[in-house]
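Single-letter residue listing:
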Amino acid sequence: MDISRKWLSDYVKLDCDDAFLCDKLTMAGIEVEKIEKNSTIPEGVVTAKILSREPHPGSDHLSVCKVTDGSEELQIVCGAPNCDAGKIVPLAKIGTVFHTEEGDFKIKRSKLRGVESCGMMCSEKELGISDDHEGLMIFPEDTALGVALTQLYPGDTRIELEITPNRPDCLSMWGVARDVSCLLSTPAQLPEITVPECDIEVAGLVTVENPELCPRYIGRVIKDVKIGPSPDWLKERLESVGLRSINNVVDVTNFVMLELGQPLHAFDRATLAGGRVVARNARAGEKITLLDGKVIELEPCHLVIADAEKPMALAGIMGGENSGVTDSTTEVLLESAVFKSSHIRSESRSLGVSTDASYRYERGVDFDMAETASLRACQLILEVAGGKLASKAMEVAAERPAEPVINCRFARIRELIGTTVSNERIVDILKKLHLKVENISADSCVVTAPLFRLDLTREADLAEEVARIDGLDKIPMIPVAGKVCHPDSEDAYAPLRTLRDLVIGMGFDECVHYSIVGSASALCDSRFEKSDLIELSNPLSPDNGWMRPGLLGEMLGTVGRNIARGNRDLRLFELDKAFCKNPAKFPEERNELLILMTGRRHPELFSAEGEALCDFYDIKGVVETLLEKLAVTNYRFVAPEKPDARFREGHALVLLLEGKVAGMFGELNGKHANSWRSSAPVFFAQMEVSSLLDAATHVKKSCKALAQFPATTRDIAFVAPETLAHGEVIDFIRKCKAPNFESVRLFDIFVGDDLKKQHKKSMAYSLTFRNRERTLTDTEVNAAMDKLRAKLAAELKVELR
Amino acid sequence: MVTFFTTFKQFFVFLPERFDLKAGFQRKNSMNEIIEAVNRAAENAEAKAAVAADAGALEALRIEYLGRNGLFPELSKKMGTVPPEERKATGTAFNTGRTRIQAALDAAAARLGGAGKQDKDAIDLTLPGRRTAPGHRHPITQLADECVSVFRRMGFVAVDGPEIEDIYHNFDALNTPDDHPSRDPKDTFYFPDGRILRSQTSPVQIRVMETHEPPVRIVAPGRVFRRDTPDATHGMNFHQIEGLSIDKGVSMADLKSVLQTFAWEMFGKDVKIRLRPHFFPFTEPSVEYDFSCVVCGGKGCNVCKNSGYIEIAGAGMVDPNVLKNVGYDPEIWSGYAFGLGLERLAMLRYRIPDLRFLYDNDVRFLEQF
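These figures come from a predicted structure and were not determined experimentally.

Thoughts on the overall build of chain B
At step 1: Summing up its helical and strand segments, chain B has 14 helices and nine strands in all.
At step 2: Looking at chain B residue by residue over its 369 residues, the buried ones come to 53%.
At step 3: Considering only residue pairs separated by 6 or more positions, chain B has 67% of its internal contacts joining residues 24 or more positions apart.
At step 4: Counting only carbon and sulfur atoms, one obtains 54% of the accessible surface of chain B, whose full area is about 17,300 Å².

Here it is, written out as structure tokens:
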């Protein structure tokens, strides 16, 4: 809401500058969003006296003056006819910046036709005070010198406030004035409202059919008004907060709404069938054309102000096109009503119509203000549009709401705020906020909140009032204290951080994606069908309405985007929530880890090392490292039972933890990469975070003593069928349980052209033998090796070399 | 050679204790055999080096005088025969001679346009190091990690809550009026079963209090959802971190102190904080929590819209109605809660101009963190 400083000072004396006032307001919870000074006088213009005037040697119309602002004497060249010695005039000193339509111009030391000039004396027009450009502006002779003109002509300041929803009472000048008076400790005063007595009763003028939605309606009739332009003061007030003047009666209703916060509506009574109003629900099929030309098909849920026949206004929101005050209006029915805030809110929202009136109604207006505002508007209409009152207040009202009564314990207030604010100060603050404070004892008082402060119902609410008026800066800094968390509480965040650290440590960049995705992105993870997806009712766009079931879809989007931008070497991961509707597959929310790599394995290296592309064993190594770092031992990699469309067939493995599927890794199915401008294969691993963490926490590490006796190694090489897997060889060697066998390591696989033709490959292993009690002899190791070689040749069908 | 000279020098360092100063001076001008040989060798070597035609000739010279079987090692063997009072002078002459020869060789090498000694294994020291490129934490996670660490030091434990949430935990239990605009499907994502995507991390407060007896002290980092079309400052979702502390006798002074500590830890000791009264349905009194602008230091700039302050978080004392909703007696227990946006913090910390950068995941962006 916008307020004008000048207008505000009609109700409360402001002995402070704008910055101070605005700081006070902000720090009291009425946040100043914008300050707009509309003074046209720039800083740097001061009053000065002309000491002497000489003709300019090089010009007929210029004069050379000596001028003082009380502190220094300056020479000014002036073209004005009235720059006579002894006059007190405005002087723009060097450095002053004038903002004009042509742009800014700055006063500089300059030479005019060869004579130095150190400033500029100004006319009223140059200062924007009036259109007078005949000569210099002249001040009375007793004017002090060196006074800033911005002080003499302060202009007005428009202040934009953010009013929080709990403070509808501040949606008016008077409401803000009340808080300001408390903040500045100066009294606030409403103008005196005097309206001629009128006893005329107009039977049936106001009917309320739905008192729940319209708890109070006051109608007054003013006749013989003369519609015309508003007087300057009224126009100026409205314009100072950005409203346009329409005509005198409408301007008064707007003025009073801004002044007191009570929306008003003036009907042209002649347009009302029966000359009366009914607050009722709309009837099926009724329509209304609003003031802004919008046609609304009404439904029974809408509350309207109707005449004897048809709706004339959308209650609390906007008047109808045909019932407003026009130039020909002579008799006005002035509405001042209270409507239920939640009704206005939902109606305004569902119809998409929001006005200054609906804004105030939906936040709640003061039940008591309806009468005051009605009288104030009558007073002003009679003043600016003539006419006379033709009815008393014709009112239909439900019972006045009860004012909340709050027991306020001083100690409790202090306890909540954490300051030592005294009992007296608490009482003082509450009273200055126009609350009723009674039964003041040493411990407590009883506070009754007026109906304009419906936000105050409990002690905590009073604590807030005391805190904000006394000043939140008074709250002291104290050592951080208190009991820490319960001993059995688990930190939910730490294990996720550990996982992220591990993956980042392996050189992967972390990504974060939106979790609301399109169906194509969601379903590119072939583990899921459409029926597994959790769908939003109100997505931002119809194509973007699913919770992602896995992290793959969005990650592939990121890969494609990066490749398109020339970033082809990618090591990316994400750890975040995925969502599934099908409990047979996954819980509704779970954490997933997705690690992806493509492009060069080590682009940071040079020569051949730098050019090598990632392959399957890189992603496998990442998974192995991760498992080792998490101390997961009970895992197995197995071939998928059936092909998984996410992966290239035969190039993927399933991760089993404790026998259960916990993830899968391998090469991305090429169909996903069709549109990418990169031929490098993509590898990724997807893992269930809870399975990983469960497996990790079960393991206890224990230390093994180091072997004291030396090991002996023997190499073995053979030509094997192409189909013989390394894993089979290893398993076989282990199963042989050769005496003193310790470990086996693959050191070469070779497929030459000849071997390839025969569908064979050469494999070479290094075996280590060790006894923990003694040094082994060659003889016993050789014997073990011979046996093993024989078994290998016989059972694995390999040709030993 | 180096080893030799080290010991040689050490030898002379200890010498002066037994050195007859007077005798030394008396013999100043007299030269013994070794000194003469050294000086002669130096002169000869200088002359030969000056006319050496190639690197091979230089290497031969080096071997002749300084090599393992050269003149100087030979002379050093005779050092033992020098009378003690002459040893210092002899040693000095020996070193000077050797330095002169080396200098002559270096000068000749420079003249010949190459090092006196060619290193066959020379490497280009400017080539890039062989390393594993490090990975990078996403700025949002970075901020979440830091926030959690700071609050953990103040006794808060990190907890998690569901992102698909019910109306009760997200709104009702948090004292949000039935017709509050945030419940509107224009602002909050709904599911057909009436549940929603949580619009704030505050429902985690309720879930914790429902299942734990006070005192509690938690932080909950996580994703929250608002129905905003993505632009430079909005997204369909963003991240918050929620804090809650309930105990006996907790006041706004505790809240202020915790938030000030947080500000100092995150942005340094120069940061001032300001609490400003505000309104939230789930706290009373409610405040907004501003940092002095981390860009201009409070002088006023376009980031803080010339106010000198930047709004960081909403906070306040937990509303008595919220406490009642979870079965805590507001007469016994009090506490504070706060919530702040991680994207906003990240954008401030790293001067990220557009929120969409955070969700675009271009590696050139990610690798900056």
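There is more to say after this.
Looking at a nonpolar patch on the surface
At step 1: A cluster of nonpolar side chains, Leu746, Ile749 and Val751 of chain A, forms an exposed patch at the surface whose accessible area comes to about 210 Å².
At step 2: Positionally, Ile749 of chain A belongs in strand E38 (residues 741–750).

As for the packing of helix H4 (residues 55–65) of chain B against helix H6 (residues 87–111) of chain B
Residue and element names in this part refer to chain B.
At step 1: Look at H4 against H6: their axes get within 10 Å of each other, and the N-to-C directions meet at 175°. It follows from the interaxial angle that H4 and H6 lie roughly antiparallel. Facing H4, whose interface residues are Leu58, Leu61, Arg62 and Tyr65, H6 presents Ile101, Leu105, Ala108 and Ala109.
At step 2: Residues that form the contact of H4 with H6 fall into these classes: seven nonpolar, no polar and one charged.

As for the packing of aromatic side chains
At step 1: Under the criterion given, the structure shown has 27 aromatic pairs over all chains.
At step 2: Judged by centre distance (5.8 Å) and plane angle (40°), the rings of Phe528 of chain A and Phe586 of chain A are tilted. A residue pair is termed long-range when its members are at least 10 positions apart, and Phe528 of chain A in the loop between helix H14 (519–523) and strand E30 (546–547) and Phe586 of chain A in the loop between strand E31 (570–579) and strand E32 (589–598) qualify at 58 residues. Summarising the burial analysis for this pair, Phe528 of chain A and Phe586 of chain A share the class buried.
At step 3: Taking the ring centre of Tyr350 of chain B as reference, the NZ or CZ of Arg349 of chain B above it sits at 5.8 Å.

Some thoughts on the interface of chain B and chain A
Reports of interface size often rely on the accessible area that becomes lost once the parts have come together.
At step 1: Listed as interface residues are 96 residues of chain B and, on the opposing side, 85 residues of chain A.
At step 2: Roughly 7,800 Å² is buried in total at the junction of chain B and chain A, and carbon and sulfur atoms are behind 54% of that figure.
At step 3: Considering only the side of chain B, the residues that lose the most area to chain A are Met236, Pro277 and Glu284 of chain B, jointly responsible for 8% of the buried surface there.
At step 4: Linking chain B with chain A are 14 salt bridges, by the criterion used here.
At step 5: Across the chain B-chain A interface, the total number found is 48 residue pairs in polar contact (both at pLDDT 80 or more).

Here's the deal with the nonpolar core
At step 1: Of all hydrophobic cores here, the largest spans 173 residues; its most connected members are Phe262, Tyr289 and Phe338 of chain B.
At step 2: Once you skip the residues sitting within four places of it in the chain, Phe262 of chain B turns out to touch Cys147, Val150, Phe151, Met154, Tyr289, Phe291, Leu340 and Leu345 of chain B.
At step 3: Residues Val208, Tyr217, Ala306 and Ala370 of chain A belong to the second largest nonpolar core, which totals 42 residues.

Focus on the confidence of the model for chain A
At step 1: Per-residue pLDDT for chain A has a mean of 92; in total, 99% of the residues score no lower than 70.
At step 2: The element-level mean pLDDT for chain A is lowest in helix H3 (residues 149–152) of chain A, coming to 80, with strand E28 (residues 509–510) of chain A highest at 98.

Things to note about the side chain of Thr329 of chain A
Residue and element names in this part refer to chain A.
At step 1: In this structure, Thr329 sits in the loop between strand E21 (318–319) and strand E22 (332–338).
At step 2: For Thr329, the side chain forms a polar contact with the side chain of Asp268, separated by 2.8 Å.
At step 3: For Thr329, the side chain forms a polar contact with the main-chain nitrogen of Thr326, separated by 2.7 Å.
At step 4: If sequence neighbours within four positions are ignored, Thr329 has contacts with Val225, Ile227, Asp268 and Gly324.

Observations regarding unusual backbone geometry
At step 1: The omega torsion across Pro214 of chain B and Pro215 of chain B is 0°, close enough to zero to call that bond cis.
At step 2: For Pro215 of chain B, the position within the fold is in the loop between helix H9 (203–211) and strand E4 (216–225).
At step 3: For the bond running from Glu284 of chain B to Pro285 of chain B, omega is -10°, close enough to zero to count as cis.
At step 4: Its place among the elements puts Pro285 of chain B in strand E7 (residues 283–292).
At step 5: Even without being a glycine, Asn439 of chain A presents a positive backbone phi close to 45°.
At step 6: Tracing the sequence through the fold places Asn439 of chain A in the loop between strand E26 (436–438) and strand E27 (444–448).

Examining the pattern of salt bridges
At step 1: This model, assessed by the stated rule, comprises 87 salt bridges over all chains.
At step 2: Among the salt bridges present, the one from Asp145 of chain B reaches Arg497 of chain A, with a minimum N-O distance of 3.7 Å. With Asp145 of chain B in helix H7 (residues 139–153) and Arg497 of chain A in helix H13 (residues 494–505), this pair bridges two chains.
At step 3: Shared partners join several salt bridges into a network, and the residues in it are Arg167, Asp169, Asp179, Arg453, Asp455, Glu465 and Arg468 of chain A.

Topic: the domain arrangement of chain B
At step 1: Under the domain assignment used here, chain B contains domain 1 (2–111) and domain 2 (139–366).
At step 2: A separation of 78 Å is found between the C-alpha centroids of domain 1 of chain B and domain 2 of chain B.

Topic: the sheet that holds E31 of chain A
Hydrogen bonding along the main chain pairs the strands of a sheet, whether they run parallel or antiparallel.
Residue and element names in this part refer to chain A.
At step 1: Strand order in the open sheet formed by seven strands is E28-E31-E32-E36-E35-E34-E33, with mixed pairing between adjacent strands. Only two strands of the sheet have a single partner each, and these edge strands are E28 and strand E33 (635–638).
At step 2: When strand E34 (residues 647–657) meets strand E35 (residues 660–668), the two strands line up antiparallel, connected through seven bridges. Considered in E35, the bridge of Leu657 is made with Lys660.
At step 3: Lying on the sheet, H13 is in contact with E28, E31 and E32; it crosses E31 at an angle near 160°.

Considering the domain arrangement of chain A
At step 1: If you check the domain split of chain A, you get domain 1 (2–38 + 156–184), domain 2 (45–152), domain 3 (206–397), domain 4 (405–472), domain 5 (494–697) and domain 6 (712–800).
At step 2: Relative to domain 6 of chain A, the C-alpha centre of domain 1 of chain A lies at a distance of 89 Å.

Details of the sheet that holds strand E5 (residues 237–247) of chain B
All names here are of chain B.
At step 1: The mixed open sheet is built from seven strands, whose spatial order is E1-E4-E5-E9-E8-E7-E6. For this open sheet the edge positions go to strand E1 (157–158) and strand E6 (273–280), each flanked by a neighbour on one side alone.
At step 2: Bridging between E5 and strand E9 (residues 334–341) involves eight bridges; their strand directions are antiparallel. Bridging across to E9, Ile241 finds its partner in Leu340.
At step 3: Against the sheet, H7 contacts E1, E4, E5 and E9, and its axis sits at roughly 5° relative to E5.

Focus: helix H5 (residues 232–240) of chain A
All names here are of chain A.
At step 1: Among all positions in H5, only Leu234, Arg237, Leu238 and Ser240 are buried. Viewed along the axis of H5, the buried residues span an arc of 165°, placing them on a single side of the element.
At step 2: Looking at the residues trailing H5, positive phi occurs at Gly242, about 90°.

A closer look at H7 of chain B
Residue and element names in this part refer to chain B.
At step 1: For H7, which comprises 15 residues, the first-to-last C-alpha distance of 21 Å matches the rise-based estimate of 21 Å (1.5 Å per residue) to within 8%.
At step 2: Counting buried positions over the 15 residues of H7 gives 11, a clear majority of the element.
At step 3: Taken as a whole, H7 has its buried residues at Pro139, Ile140, Thr141, Leu143, Ala144, Asp145, Cys147, Val148, Ser149, Val150 and Phe151.
At step 4: With its phi angle positive at about 90°, Gly155 sits one or two positions after the end of H7.

Rules behind the numbers
Residues numbered from 1 in each chain as written. Chains lettered and ligands numbered in written order. Predicted model: local features only at pLDDT ≥ 70, side-chain atom pairs only at ≥ 80, totals over all residues. Heavy atoms only, no water. Helix = DSSP H or I, 4+ residues; strand = E, 2+ residues; numbered from the N terminus. Buried < 20%, exposed > 50% of the residue type's maximum accessible area, 1.4 Å probe, protein only. Contact = heavy atoms within 4.5 Å. Areas by Shrake-Rupley, 256 points an atom, 1.4 Å probe, with all protein chains shown as cover. Patch = residues over 30% accessible without salt bridge, like charges linked within 9 Å, V, L, I, M, F, W, Y side chains within 5 Å. Salt bridge = Lys/Arg side-chain N within 4 Å of Asp/Glu carboxyl O. Axes fitted to C-alpha atoms, helices over the stretch in contact; angles between N-to-C directions. Parallel < 35°, antiparallel > 145°, perpendicular 65-115°, else oblique. Nonpolar A, V, L, I, M, F, W, Y, C, P; charged D, E, K, R; others polar. Phe/Tyr/Trp six-rings, centres within 6.5 Å; stacked < 30°, edge-to-face > 60°. Lys NZ or Arg CZ within 6 Å of the ring centre and 35° of its normal. Buried area = accessible area lost by both parts, 1.4 Å probe. Polar contact = N/O pair within 3.5 Å; in protein donor to acceptor, adjacent residues only side chain to side chain. Core = buried A, V, L, I, M, F, W, Y, C linked by side-chain atoms within 4.5 Å. pLDDT = per-residue confidence, 0-100. Domains from an automatic or database assignment. Pairing = 2+ DSSP bridges. Arc of directions from axis to C-beta. Expected span 1.5 Å × (residues − 1).

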